[in-house]
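Residue-level structural notes
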Amino acid sequence: MPSSEPRKAIFLFTHPRTASNLLMQMLRTHPDMETIEYPFVDTYYFGQDSLTLRRNVRMEAVKQRMQADPALAQTFQAAFDQLELSIQSGKTPFIKEHAFTIMKPETISTYLAHPRSPTAQLAKGQGVGVVTTGTDYAPNDGNDGNPTVLPTQFLRSVTPVFLIRHPALVFESILRVSGPTMGAQVDDEEFPVDASLRWLRILHDWFAQSGGHPIVLNADEIIACPTIVQQLCEQLQLDPTGVRFEWDPVAPAIVAGQSSYQRHFFSTIQSSCGVRLDKHSGAQGPKLNLDVMTATWRDTYGFETAAALRSFVDAAMPDYEYLCHCELRH
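This report concerns the structure included in the present document. (Residues numbered from 1 in each chain as written. Predicted model: local features only at pLDDT ≥ 70, side-chain atom pairs only at ≥ 80, totals over all residues. Heavy atoms only, no water.)

1. Concerning the packing of aromatic side chains
For the structure shown, the criterion picks out 13 aromatic pairs. With centroids separated by 5.2 Å and ring planes inclined at 75°, the aromatic side chains of Trp-206 and Phe-207 adopt a geometry described as edge-to-face. No difference in accessibility class separates Trp-206 from Phe-207, as the two residues are buried. Clustering of aromatic rings is evident, with ring pairs tying together Phe-11, Phe-13, Phe-80, Phe-154, Phe-162, Trp-206 and Phe-207. We note Arg-201 situated over the ring of Tyr-322; from NZ or CZ to the ring centre the distance is 3.7 Å. (Phe/Tyr/Trp six-rings, centres within 6.5 Å; stacked < 30°, edge-to-face > 60°. Buried < 20%, exposed > 50% of the residue type's maximum accessible area, 1.4 Å probe, protein only. Lys NZ or Arg CZ within 6 Å of the ring centre and 35° of its normal.)

Here is the structure:
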């Protein structure tokens, strides 16, 4: 559906290790879509408005390298301005970001034992492109319940899509890849942010209560029935034939030149040549047995870490099951 006019942006709100890279791989070459990935994650972890509570040698080393480059050490306002410039095209912008990276510090602090300092500056925006072309976004003053640092008018101008996955798969995977790359541990102050789906639920409910119609996708549904992504496109008024189900794996020579972070976080998608059914769990795949998984974690990480992972999973299940009731199904 080509068009010379700016289209309403689609915003995919995700969480780490929810197979969002798979979804983006299926959509990346869609002729009517312009994919924009992670406009705020570097700011959250390493920018001038950094909100992460994770403090260790690995994180500080990366932060020092990034803050040496003004283009990388952005504020949320600068990152938002860059996002607006990126969506000025005739194609449909498809933005992907982890929900917690744009949450106000006080939103997250409500659910943490160690409250955050409310240092992030609320992004004001200039209203470039999409629905609100030519108008200024009002600053997000918090009176409308918007839980994020982004302008309310901007959020109301997008079509929200949420991607979820079972917490037992998500949280262990976060620990497995973030440990070597970011020094993550289950007892650090940031892991309660990593090991929660509350941020997706909060943002989902804000959209729903604001008159929006958020769409929820489950990663396991995508893996089991990949054509559900075509169903998503139809709902978004995009050509479903633009979805791809096969691709070439990334060449080993390219992978060898990547950073440790890239190799860990993108290993599955880079080595794949299509949707991998072995990554599926659920109604049409192997059932999750939390007791068996906990025993495996105990062998891998030790008793205390396994117990902590299980506790995080149990605490997140109500949010996951709540969002499951809203998910798009065949």
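Structure's up, so let's keep going.
2. Overview of the packing of helix α15 (residues 290–301) against helix α16 (residues 303–324)
In contact at an axis separation of 7 Å, α15 and α16 are set at 145° when each is read in the N-to-C sense. Where α15 crosses over α16, the handedness of that crossing is right-handed. Listed contacts from α16 to Leu-290, Asp-291, Thr-294, Trp-297, Arg-298 and Tyr-301 of α15 are Phe-303, Thr-305, Ala-306, Leu-309, Arg-310, Val-313 and Asp-314. Grouping the constituent residues of the contact of α15 with α16 by class yields seven nonpolar, two polar and four charged. (Axes fitted to C-alpha atoms, helices over the stretch in contact; angles between N-to-C directions. Helix = DSSP H or I, 4+ residues; strand = E, 2+ residues; numbered from the N terminus. Left-handed = near helix turned anticlockwise from the far one by under 90°. Contact = heavy atoms within 4.5 Å. Nonpolar A, V, L, I, M, F, W, Y, C, P; charged D, E, K, R; others polar.)

3. Describing unusual backbone geometry
Trans peptide bonds make up the majority, and among non-glycine residues the majority have a negative phi. The phi torsion at Ala-19 lies on the positive side, around 65°, for a residue other than glycine. Along the chain, Ala-19 turns up in the loop between β1 (10–14) and α1 (20–27). Notably, Gln-237 is not glycine yet its phi reads approximately 60°, a positive angle. Mapped onto the secondary structure, Gln-237 falls in the loop between α11 (228–235) and α12 (252–256).

4. Some words on the sheet that holds β1
Within the open sheet, the five strands sit side by side as β2-β3-β1-β4-β5. Their pairing is parallel. Of all the strands in the sheet, just β2 (33–37) and β5 (215–218) have a single pairing partner and so form its edges. Here the average twist between neighbouring strands, direction ignored, is 20°. As defined by bridge partners, β1 adjoins strand β3 (residues 92–98) across five bridges and the pair is classed as parallel. Of the residues in β3, the one forming a bridge with Thr-14 is His-98. On top of the sheet, helix α9 (residues 198–209) reaches β1, β4 (159–164) and β5; it is set at about 150° to β4, its chief contact. (Pairing = 2+ DSSP bridges.)

5. Some points on the side chain of Glu-327
Locating Glu-327 in the fold gives a position in the segment after α16. A distance of 3.4 Å separates polar atoms of two side chains, one belonging to Glu-327 and the other to Asn-218. Excluding anything up to four places from it in sequence, Glu-327 contacts Ile-164, Val-216, Asn-218 and Glu-221. (Polar contact = N/O pair within 3.5 Å; in protein donor to acceptor, adjacent residues only side chain to side chain.)

6. Considerations on the pattern of salt bridges
Pairing of side chains with opposite charge becomes possible as their charged atoms draw close. One pass over the full model with this rule turns up 12 salt bridges. Between Arg-28 and Glu-37 there is a salt bridge; the shortest N-O distance is 2.6 Å. Between Asp-220 and Arg-165 there is a salt bridge, and its shortest N-O distance comes to 3.6 Å. In this pair, Asp-220 is assigned in helix α10 (residues 219–224) and Arg-165 in the loop between β4 and α7 (167–182), connecting sequence segments 55 residues apart. Both residues of the pair, Asp-220 and Arg-165, belong to the buried class. The network of salt bridges with shared partners includes Arg-198, Arg-201, Asp-205 and Asp-319. (Salt bridge = Lys/Arg side-chain N within 4 Å of Asp/Glu carboxyl O.)

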